[in-house]
Amino acid sequence: MLEVHRVDVHYGDIQALWNVSFRVEDGEIVSLIGSNGAGKTTVLKTISGILGLTQGSVMIDGVRSDTIKAYQIVERGVSLVPEGRRLFRDMTVLENLELGGYIGKARPRKDENLKWVFQMFPILDKRVHQLAGTLSGGEQQMLAIARGLMSEPKLLLVDELSLGLAPLIVKHIYMTLKEINRPKNTTILIVEQNVRLALEISDRGYIIENGRITGEGKGSELLRSDKVKSAYLAMG
Amino acid sequence: MLRFIQILSYGLLNGALYSLVALGLSLVFGVMNYLMVAHGGLIMLAAYTTFWAFFYTHMDPFLFILVVTPLFFIIGWILFKVLFQSLMKFPEGEKIKNSLLISFGLLLIFSNLAILFWTADERAVTTIYSGKVLDVFGVRLPYIGLGGVAIAIIVISALHLFLTRTYFGKAIRAVSLDHEAATLMGINVSKVCLVAFSIGFALAGIPGVITSLHAFNPAISFELTNKALIVLILAGVGSIKGVLIGGFFLGAIEAAGVYLVGTPYREVFGLILFVLILMFRPQGLAGKRA
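Residues numbered from 1 in each chain as written. Chains lettered and ligands numbered in written order. Predicted model: local features only at pLDDT ≥ 70, side-chain atom pairs only at ≥ 80, totals over all residues.

Draft legend 1. Fine view of the overall build of chain A. The helix and strand tally for chain A stands at ten helices and ten strands. Summarising its shape, the C-alpha atoms of chain A cover approximately 45 × 40 × 35 Å along the three principal directions. Sequence separation of at least 24 residues holds for 67% of the intrachain contacts in chain A that already meet a minimum separation of 6. (Helix = DSSP H or I, 4+ residues; strand = E, 2+ residues; numbered from the N terminus. Contact = placed C-beta atoms within 7 Å.)

Draft legend 2. Structural detail: the interface of chain A and chain B. Taken residue by residue, the interface counts 20 residues in chain A and 15 residues in chain B. Classifying every residue of the side of chain A that touches chain B gives eleven nonpolar, three polar and six charged. (Nonpolar A, V, L, I, M, F, W, Y, C, P; charged D, E, K, R; others polar.)

Draft legend 3. How the structure looks around the pairing of strand β1 (residues 2-11) of chain A. Residue and element names in this part refer to chain A. Sheet topology note: the β1/strand β2 (residues 14-24) ladder contains seven bridges and is antiparallel. Counted as the bridge partner of histidine 10 is glutamine 15 from β2. Here β1 hands over to β2 after two residues, with glycine 12 in that stretch at a positive phi of 60°. Sheet topology note: the β1/strand β4 (residues 55-60) ladder contains five bridges and is antiparallel. Residue pairing for β4: leucine 2 is matched across the bridge by isoleucine 60. (Pairing = 2+ DSSP bridges.)

Draft legend 4. Representation of the packing of helix α1 (residues 2-32) of chain B against helix α5 (residues 143-165) of chain B. All names here are of chain B. For the pair α1 and α5, the least separation of the axes is 8 Å and the interaxial angle reads 35°. In the packing of α1 onto α5, the handedness of the crossing is left-handed. Judged by residue contacts, Leu13, Ala16, Leu17, Ser19, Leu20 and Leu23 of α1 engage Gly145, Gly148, Val149, Ala152, Val155, Ile156 and Leu159 from α5. Looking at the contact of α1 with α5 residue by residue, the class counts come to ten nonpolar, three polar and no charged. (Axes fitted to C-alpha atoms, helices over the stretch in contact; angles between N-to-C directions. Left-handed = near helix turned anticlockwise from the far one by under 90°.)

Draft legend 5. Local environment of unusual backbone geometry. Residues and elements named next belong to chain B. A positive phi is found at asparagine 33, a non-glycine position, where the angle reads about 60°. Structurally, asparagine 33 is set in the loop between α1 and α2 (39-57). Of the residues examined, asparagine 33 has 20 C-beta atoms within 10 Å and is grouped as buried. Although it is not a glycine, phenylalanine 137 sits at a positive phi angle of roughly 45°. (Buried ≥ 20, exposed ≤ 12 C-beta atoms within 10 Å, placed from the backbone.)

Draft legend 6. Quick peek at the sheet that holds β1 of chain A. On the basis of which strands lie adjacent, the open sheet formed by four strands has the order β2-β1-β4-β5 (chain A) and antiparallel pairing. Edge positions in the sheet fall to β2 and β5 (63-64) of chain A, since each has one partner strand and no second.

Draft legend 7. Fine view of the sheet that holds strand β9 (residues 204-209) of chain A. Residue and element names in this part refer to chain A. Strand order in this open sheet of six strands is β6-β7-β8-β3-β9-β10, and the pairing throughout is mixed. In the strand order of this sheet, the two ends are held by β6 (78-81) and β10 (212-218), each with one partner. Along the sheet, successive strands turn relative to each other by an average axial angle of 15°, direction set aside. Against the sheet, helix α1 (residues 40-47) engages β3 (29-33), β6, β7 (155-159), β8 (187-192) and β9, with an angle of about 150° to β7. Docked against the sheet, helix α6 (residues 137-149) engages β6 and β7, running at close to 170° with respect to β6.

Draft legend 8. Main features of the packing of helix α6 (residues 167-177) of chain B against helix α8 (residues 189-211) of chain B. Residues and elements named next belong to chain B. Contact pair α6 / α8: the axes reach a minimum separation of 10 Å and the direction vectors enclose 105°. When the interaxial angle is binned, α6 and α8 end up roughly perpendicular. For the pair α6 and α8, the contacting residues are Ala171, Ile172 and Val175 in the first and Val189, Val192, Cys193 and Ala196 in the second. (Parallel < 35°, antiparallel > 145°, perpendicular 65-115°, else oblique.)

Draft legend 9. Up close: the confidence of the model for chain B. In this model, chain B carries a mean pLDDT of 92, and residues with pLDDT of at least 70 account for 98%. Overall fold confidence (pTM) sits at 0.92, and the ipTM for the predicted complex is 0.93. (pLDDT = per-residue confidence, 0-100.)

Draft legend 10. Layout of the confidence of the model for chain A. The pLDDT averaged across chain A works out to 93; a share of 100% of its residues lies at or above 70. Within chain A, helix α3 (residues 93-100) of chain A carries the highest mean pLDDT (97), whereas helix α10 (residues 226-232) of chain A carries the lowest (82).

Next up, the structure:
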């Protein structure tokens, strides 16, 4: 599905990613964990084409995607739910969702897709005509995910969805992500500081430190590993 | 009292024109943070184009809207590619400053070209209904002014519907709110900016045709830009409905100035309003936030 191969990324003169390689298979949930500033968001921005890479390649379904424009990557079936949600605050919930399904192939199935996301996040159905900026934090995060799903992505990238939200809401949203993963076989790549939660729902995980991948394994294995326990879970 | 109503109705008829004058500027500024002060120059050029076309064909000037609007759309398209596309990578503040410099240069070029081609003499398109008025209980309403009001309402409503009902219109609004998030939706932001900019130019054609029906000269471009900026501040950035209200409001305030002090002070009242709004309500009359 997704193959990131020996990628370097620079912000001006400053190098943010060093030789980053990892892969995500069809239908998996994979999490990328690491502390603040480790380069997690940079990885997602690179996959979605917003940041250019200086070295290496990104392949989606075996086709290189780092050579095309960011807006075209959405048409390849990749959708990013960005950090901080980045909703169109002065537009209604419905308009945000419609923009999520802006690309040509998603437009004819707008009604079906709306039904689908409302089924997952019923609260959005009640708020359809409200401005996105007036929603609560949890509702905004749900809207951001729903908006990301409206383009019917094969690969959903989710950046720090727990940021600023109550633990219960975060848990609820993660459970919903699992529900999204199964029936439509949507592959999900999660970036998260809340390591325990992310690894609990993930099939596999990668650890990123200072812009380098330093570990990988099954979600449950990583949770038990000493490295993760001491560095991220404050145990031992 | 009748005199006041008469002056006020002239003010409101002028106000409709002001809304149209500000519309393109407001759209371009809202979507890409380009302060296109050359907008008044475009309207002036559109007025001369209409004058020219009328001189050779003697067809109804309002019909020329159908010609001038697409023509200016194309000019906008070309100028964006040549002059303004390269500004897109700048941060917001730099976009305002650089576009201001470029478009001020354009404004000077436009008005000097107009002097070169048509001299600085006053011109006006004179039709059979020029100067004809509709008498409503003693208040005289010129047909041209009423036509302007109708066109302003139609054009602004049409633009509003376009921006709220079509995918492309929504994409324009999304781009105006957040370029990066719009990209993540699969929206081609540079194409949206190109089209929005060209629509802004096309929208200069409509007030241009109406301007040609009154006396005008090349220097009017500065005055028109001035009005557009006042209406933009009144309306609040990015508010299309606000532009309609702002235009009428400016017209009414000018009318009050004319009634209370005298015709020479008409411009002064608009500028005082400009300063007051910036001091006390910088988000504009209709705007929600700065």
